[in-house]
Amino acid sequence: MKTGKFKLRLLLPVLLLCLICMGQTARAASYRQIAYVNSTDKALIFKFKDFCTEGYNWKITRDSATQAAISGSESGGKIGTSRMLKIRLGDKYLTKTKYTLTVTGKDKKKSLTVRYYTGGALNRASVSRTSKDAMKSEVVLSNGFKGNSVEFLVFKGADSTDLITGAKLAKTKTEGGKFTMKAEIPSSRIKNDDYKTYVVLNYVYDGKPYFGQGKALPYKYIKTQHKVKGLKVSTLGGRVNLTWAADKNASYYKVYQSLNKNGSYRCIKPKVTSASYRTGSLKGGKTYYYKVVAVGAAGSKTSEGEQSEIRSVKVPIVPGKVPNIRFGYNMSEELIVKWNKTVNSTGFIVLYQKAGEKKFKKLGSTKNRFYSLSSLNRNTTYKIKIQAYRKANGETVKAEYTSKVLKIKPAEFEKKNRALLLANGVRPIEHVNGRSIYTKKKYSKETKLAFANAKGYSSKTKYLIWISHYTQQVVIYKGRKGHWKIIKSFPTATGKASTPSPKGVFKVSYKETGWFYVNTKELYITHWCGRNSFHTRPLYNDGSVCSPAMGRPVSHGCARLYNSDAYYIYKNIPKGTTVVSY
């Protein structure tokens, strides 16, 4: 009979609590004060939203008494979003007694009143996760519990007073004068996180609510982690893109990589919060293997699921970023864009964007390291950039990054920079694999003047000599720094690939009538770098030419000339004259 009465007494409050909790759940993160009796250390706990930054006064009264049994104050200063009072009653603590806590702000604008009842009955409480990922609370009460309901409340974090959800506790079984109550919160209402949960007994006396014995139960909740499915890998340049099916139970994912399918795997990204990941640049020509693991986390606690299936992909060899892009002129004196050698490239795409347009377009492609801009409108402003590509085994792979972007309005740019650009457009000779790379074309008079004047060359005499190895020409100037004029240009034959002519700025040092051998000779010797000199082509002793080649690199380092040109320098160019060998 007593047990039946208890069941009836408990059923109505539990039903009421269920309705209350349903309302609280619908209003997720709603404000909730937390109050309960901690009988272990004879204390009253009260956690509430901060409402006075100046601080608080509080007092405890017992039963219907008006005089405070104990009182105190709290200093000002807002602490997060909540305050917590833990008031130890000591010898003022009596069982089965009603207490009232009054908290008043020092600004005297607001106060809170909370009622406690020290009747016992809470023997044990726990919280755990079920096989269906529900959060389960289990409470063991003594048969002497005369309260109206038992609440199970879930808050995110230790300091919050924002209610995540709540649930009723229902009686399930009776053991030796005690009975157990359980509550479950479905996984749909909560996520992987660090929670603070509370189990609190409630009473009603004279129509007023009282908080009874309770416990705070911190809980790190993590849902069951599943095997990651749908892993796909693909390449983007020298990177690998990974995508997979998102798992709602996962907090994040770990990505593993290996160069051997059955070898050891290294975690290359320990925390990916989306269902995709892109690696950094990888070494081309190698096959990489990947797998992904779902991780649930709550604070420092983690739980991992089964690893995904292994997926592999071969990373192509990708060209690098085009370096040192700049403007210049070609041999035809067209405005060009040029750049330096680019790693792993077999060709280049030239991209342009007109002022006012949003996208870059292809202007053309080339296997050279320069491209003519003659097709651009001279009075329009453009942005120019270069992208390298690599073509191998029928596959074309573009570089991930383009060169830096240059801006140009051809007409204005040429007006300001033409002379220097012409000078910078002058090329040196190249010797590759025993072969000399030069041209039979000749620079224009404008380019020759620009080279001497825009580069700022000077000489101790009124003459200046330029040996252009790329065009196999010698140019003689007269004047002074910045005001040189061309007085002669003639062909030459400079050093071949195995014995190249020295490059740099030198000066005429001394002269000799000739070098004479058993059957041959060179005449009109004018030295400009050690034994490197201007002189005639090799001649037989009778004056006939034995090595007639001109206009191409064939010498041992000297600049060979026709007889009359060698004699001109020998006769007219004084010692100390600057010689630019380029």
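As the structure is a prediction and not an experimental result, all values here were calculated from the model.

Undergrad: Mind showing me how you'd approach the overall build of the protein here?
TA: If you tally the helices and strands in the protein, you get four helices and 44 strands. Relative to the compact-globule value of 25 Å for 582 residues, the protein shows a C-alpha radius of gyration of 45 Å, a clear excess of over 25%. Dimensions of the protein, computed from the C-alpha atoms along their principal axes, are close to 145 × 60 × 45 Å. For the protein, the proportion of its 582 residues judged to be buried stands at 46%. Pairs at least 24 apart in sequence give 63% of the contacts found in the protein among residues at least 6 apart. Within the protein, the 34 negative side-chain charges are centred at a point lying 7 Å from the centre of the 107 positive side-chain charges.

Undergrad: Mind showing me how you'd approach the nonpolar core here?
TA: Membership of the largest hydrophobic core comes to 30 residues, with the highest contact counts inside it found for Phe46, Phe48, Ile60, Leu101, Val103 and Tyr116. Of all the secondary structure elements, the ones that give two or more residues to this core are strand S2 (34-38), strand S3 (43-49), strand S4 (56-62), strand S6 (82-88), strand S7 (98-105), strand S8 (111-117), strand S11 (149-156) and strand S15 (193-205). Per-element tally for this core: the top contributor is S3, with five residues. Ignoring any residue separated from it by four or fewer positions in sequence, one finds Val103 in contact with Phe46, Phe48, Phe51, Tyr56, Asn57, Trp58, Leu85, Lys110, Ser111 and Leu112.

Undergrad: How do you make sense of the packing of aromatic side chains when you look at a structure like this?
TA: Aromatic ring pairs: the centre-centre distance and the angle between the two ring planes describe each pair. By the definition in use, this model includes 24 aromatic pairs. Look at Tyr524 and Tyr570: their rings are 5.8 Å apart centre to centre, the planes differ by 45°, and that puts the pair in the tilted class. With Tyr524 in strand S40 (residues 520-529) and Tyr570 in helix H4 (residues 563-572), the pair connects residues that are 46 residues apart, well separated along the chain. Tyr524 gets classed as partly exposed once you look at its relative accessible area, which sits at 23%. Following the ring pairs from residue to residue traces out a cluster consisting of Tyr117, Phe145, Tyr203, Tyr205 and Tyr210. Lying over the aromatic face of Tyr265, Lys291 brings its terminal NZ or CZ to 4.1 Å of the ring centre. If you follow Lys385 out to its NZ or CZ, it ends over the ring of Phe360, 4.1 Å from the centre.

Undergrad: Just checking my understanding: could you explain the sheet that holds strand S29 (residues 370-372) for this structure?
TA: Two modes of strand pairing occur in sheets, parallel and antiparallel, and in both the strands are linked by backbone hydrogen bonds. The three strands are arranged S25-S26-S29 in an open sheet whose pairing can be described as antiparallel. A single partner strand is all that each edge strand has here, and the edge strands are strand S25 (326-329) and S29. Each adjacent strand pair in this sheet contributes to an overall mean axis angle of 35°, direction not counted. Here S25 runs beside strand S26 (residues 335-338); their pairing, made up of four bridges, is antiparallel. Across the sheet, Tyr329 pairs through a bridge with Leu335, a residue of S26. Running over the sheet, helix H2 (residues 410-424) touches S25 and S26 and is turned about 70° from S25.

Undergrad: Explanation requested: the environment of Asn38 in the structure shown.
TA: In this fold, Asn38 is placed in strand S2. For Asn38, a relative accessible area of 17% gives the class buried. Here the alpha-carbon distance between Asn38 and Val200, two residues 162 residues apart in the chain, equals 10.0 Å. When residues no more than four places from it in sequence are discounted, the contact partners of Asn38 are Ala43, Ile45 and Lys86. Looking at Asn38, its side chain comes within polar contact range of the main-chain nitrogen of Thr40, at 3.2 Å.

Undergrad: Help me out: how do you make sense of the pairing of S26 in this one?
TA: Residues in a regular strand project their side chains so that they alternate between the two faces of the sheet. Burial along S26 is two-sided: Leu335 and Val337 and Ile336 and Lys338, pointing in opposite directions, are all buried. Remark: five residues form the turn of the hairpin made by S25 and S26, two consecutive strands paired antiparallel; Glu333 in that turn has positive phi of roughly 60°. Taken together, the three bridges between S26 and S29 define a ladder with antiparallel strand orientation. Each residue of the ladder has a partner; that of Val337, found in S29, is Tyr371.

Undergrad: What am I meant to see in the sheet that holds strand S36 (residues 473-478) here?
TA: Read from one edge of the open sheet, five strands run S37-S36-S35-S44-S38, paired in mixed fashion. Two strands in the sheet have a free side with no partner beyond their single neighbour: strand S37 (485-491) and strand S38 (504-507). Between one strand and the next, the sheet's axes are offset by a mean angle of 20°, whatever the strand orientation. By the bridge criterion, four bridges tie strand S35 (residues 463-468) to strand S44 (residues 578-581) in an arrangement that is parallel. Directly across from Leu464, in S44, lies its bridge partner Thr578.

Undergrad: For this particular structure, what's the right way to read the packing of H2 against helix H3 (residues 445-454)?
TA: Helix packing geometry: the angle between the two helix axes and the distance between the axes. As a packed pair, H2 and H3 sit with axes 8 Å apart at the nearest point and diverge in direction by 95°. With respect to H3, the element H2 is oriented roughly perpendicular. Contacts between H2 and H3 pair Arg418, Ala419, Leu420, Leu422 and Ala423 from the former with Glu446, Thr447, Ala450, Phe451 and Ala454 from the latter. Tallied by class, the residues present in the contact of H2 with H3 amount to seven nonpolar, one polar and two charged.

Undergrad: What should I look at first to understand empty space enclosed by the protein in this one?
TA: With a probe scaled to a water molecule rolled over the atoms, the places where space remains empty come into view. Inspection of every chain in the model, using the stated rule, returns two cavities of 30 Å³ or more. In this structure, the largest cavity encloses a volume near 50 Å³. Across the lining of the largest cavity, the residue classes tally to four nonpolar, four polar and one charged. One number sums up the size of the second largest cavity: a volume of about 30 Å³. Class assignment of the residues belonging to the lining of the second largest cavity gives a composition of two nonpolar, five polar and one charged.

Undergrad: I tried to follow the pattern of salt bridges on my own but got confused; where do I start?
TA: A side chain with one charge can pair with a side chain of the opposite charge if their charged atoms come near. According to the stated counting rule, one finds 19 salt bridges in the structure shown. Across the pair Arg32 and Glu151 runs a salt bridge whose closest N-O atoms are separated by 2.9 Å. In this pair, Arg32 sits in the loop between strand S1 (30-31) and S2 while Glu151 sits in strand S11, placing the two residues 119 residues apart along the sequence. On the basis of relative accessible area, Arg32 is assigned to the buried category, the value being 14%. Residue Glu151 is classed as buried on the basis of its relative accessible area, which comes to 5%. Among the salt bridges present, the one from Asp162 reaches Lys49, with a minimum N-O distance of 3.2 Å. One end of the pair, Asp162, is in strand S12 (residues 162-168); the other, Lys49, is in strand S3, with 113 residues separating them in the sequence. Since its relative accessible area comes to 26%, Asp162 is described here as partly exposed. In this structure, a network of salt bridges that share partners links the residues Asp41, Lys86 and Arg88.

What counts, and at which threshold
- Residues numbered from 1 in each chain as written.
- Predicted model: local features only at pLDDT ≥ 70, side-chain atom pairs only at ≥ 80, totals over all residues.
- Heavy atoms only, no water.
- Helix = DSSP H or I, 4+ residues; strand = E, 2+ residues; numbered from the N terminus.
- Rg over C-alpha atoms; globule rule 2.2 N^0.38 Å.
- Buried < 20%, exposed > 50% of the residue type's maximum accessible area, 1.4 Å probe, protein only.
- Contact = heavy atoms within 4.5 Å.
- Lys, Arg positive; Asp, Glu negative; His and termini not counted.
- Charge placed at Lys NZ, Arg CZ, Asp CG, Glu CD.
- Core = buried A, V, L, I, M, F, W, Y, C linked by side-chain atoms within 4.5 Å.
- Phe/Tyr/Trp six-rings, centres within 6.5 Å; stacked < 30°, edge-to-face > 60°.
- Lys NZ or Arg CZ within 6 Å of the ring centre and 35° of its normal.
- Pairing = 2+ DSSP bridges.
- Axes fitted to C-alpha atoms, helices over the stretch in contact; angles between N-to-C directions.
- Polar contact = N/O pair within 3.5 Å; in protein donor to acceptor, adjacent residues only side chain to side chain.
- Parallel < 35°, antiparallel > 145°, perpendicular 65-115°, else oblique.
- Nonpolar A, V, L, I, M, F, W, Y, C, P; charged D, E, K, R; others polar.
- 1 Å grid on protein atoms, 1.4 Å probe; cavity = no way out; pocket = protein on both sides within 12 Å on 5 of 7 lines; lining within 4 Å.
- Points joined across faces, edges and corners; volume = space filled by probe spheres on them.
- Salt bridge = Lys/Arg side-chain N within 4 Å of Asp/Glu carboxyl O.

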